[in-house]
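# Structural features, examined
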Amino acid sequence: MVSGTGHRVRAKGLTDIVAAFDGVDDRGQPKSAQDVLIRAAEKAGHSNPQSLRHYLALSLSEGLAAIMNNIELLRDLEVKVQTRKKQLRKIDKANDLFDAITNDKNVEEEILKYLTAILEKLSDQ
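Presented here is a report on the structure given in the accompanying data block. Here the structure is a predicted model, which is why all the values come from computation and not from measurement.

## Regarding a nonpolar patch on the surface
A cluster of nonpolar residues, Ile111, Leu115, Ile118, Leu119 and Leu122, forms a patch on the protein surface that exposes about 450 Å² of accessible area. Take Leu115: it is sitting in helix H5 (residues 107-124).

## Some remarks on the pattern of salt bridges
Scanning all chains against the criterion turns up 5 salt bridges. A salt bridge links Asp16 to Lys12; the nearest nitrogen and oxygen atoms lie 2.8 Å apart. Note that Asp16 and Lys12 are positioned in helix H1 (residues 6-21) at a spacing of 4 residues, about one turn of the helix. Judged by relative accessible area, Asp16 falls into the partly exposed class, the value being 39%. A relative accessible area of 34% places Lys12 in the partly exposed class.

## Considerations on the packing of H1 against helix H2 (residues 33-44)
Running from N to C, H1 and H2 point in directions that differ by 130°, and their axes come no closer than 9 Å. Relative to H2, H1 is oriented oblique. Read as a crossing pair, H1 and H2 show a hand that is right-handed. Residues Leu14, Ile17, Val18 and Phe21 of H1 touch H2, and the partners they reach there are Val36, Arg39, Ala40, Lys43 and Ala44.

## Points about the environment of Gly13
Among the structural elements, Gly13 can be located in helix H1. Sequence separation of Gly13 and Ala44 is 31 residues, and the distance between their C-alpha atoms is 9.1 Å.

The rules behind the values
Per chain, residue numbering runs from 1 following the sequence as it is written. Totals for whole chains, interfaces and linings use all residues, but because this is a predicted model, local features are given only for residues with pLDDT of at least 70 and pairs of side-chain atoms are given and counted only at 80 or more. Calculated side-chain values reflect all of the structure's heavy atoms, with hydrogen atoms and water omitted. To count toward a patch, a residue needs a relative accessible area over 30% and no salt bridge; like charges are then connected within 9 Å, while nonpolar side chains (Val, Leu, Ile, Met, Phe, Trp, Tyr) are connected within 5 Å. To be clear on the numbers: accessible area is Shrake-Rupley with a 1.4 Å probe, and residue cover counts the displayed protein chains and nothing else. A pair is scored as a salt bridge if a Lys or Arg side-chain nitrogen falls within 4 Å of a carboxyl oxygen belonging to Asp or Glu. Going along the chain from the N terminus, every DSSP run of H or I of four or more residues is numbered as a helix, and every run of E of two or more is numbered as a strand. Relative accessibility thresholds used throughout: buried, under 20% of the residue-type maximum; exposed, over 50%; partly exposed, between the two (1.4 Å probe, protein chains only). Working convention: axes come from line fits to C-alpha atoms, limited for helices to the stretch in contact. Angles between N-to-C directions cover 0 to 180 degrees. An angle counts as roughly parallel when it lies under 35 degrees, as roughly antiparallel when it exceeds 145, as roughly perpendicular when it falls between 65 and 115, and as oblique in every other case. Put simply, a crossing is left-handed when the front helix is turned counterclockwise from the back one by less than a right angle, and right-handed when it is turned clockwise. Whether two residues are in contact is decided by their heavy atoms: any pair within 4.5 Å suffices.

The structure is reproduced here in structure tokens:
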């Protein structure tokens, strides 16, 4: 419920209509302001799309916040993916050791190779 004058109720309704058409297209690109205004004006029964420009500014401020939030979520996800990749690379380096243990092959030699690789990596840092 929106409290206040009739103008306030109307403004909230128009902002919601504009926001419904605001956003990104199927390629993930922001829709053009003109396209949003034309569609919103048709829905609201306005003959002049430019009369809704103020409501577009309100809608864009909300939409940009959502887009920025999604960008941050994607960055966090990328950090997690990179961390997992590093962990997998470490495990991948131990594959020969795991194979030797599983197949009861020359385990001591593989342990020595694995530990030598770790020590070389540490000395390079």
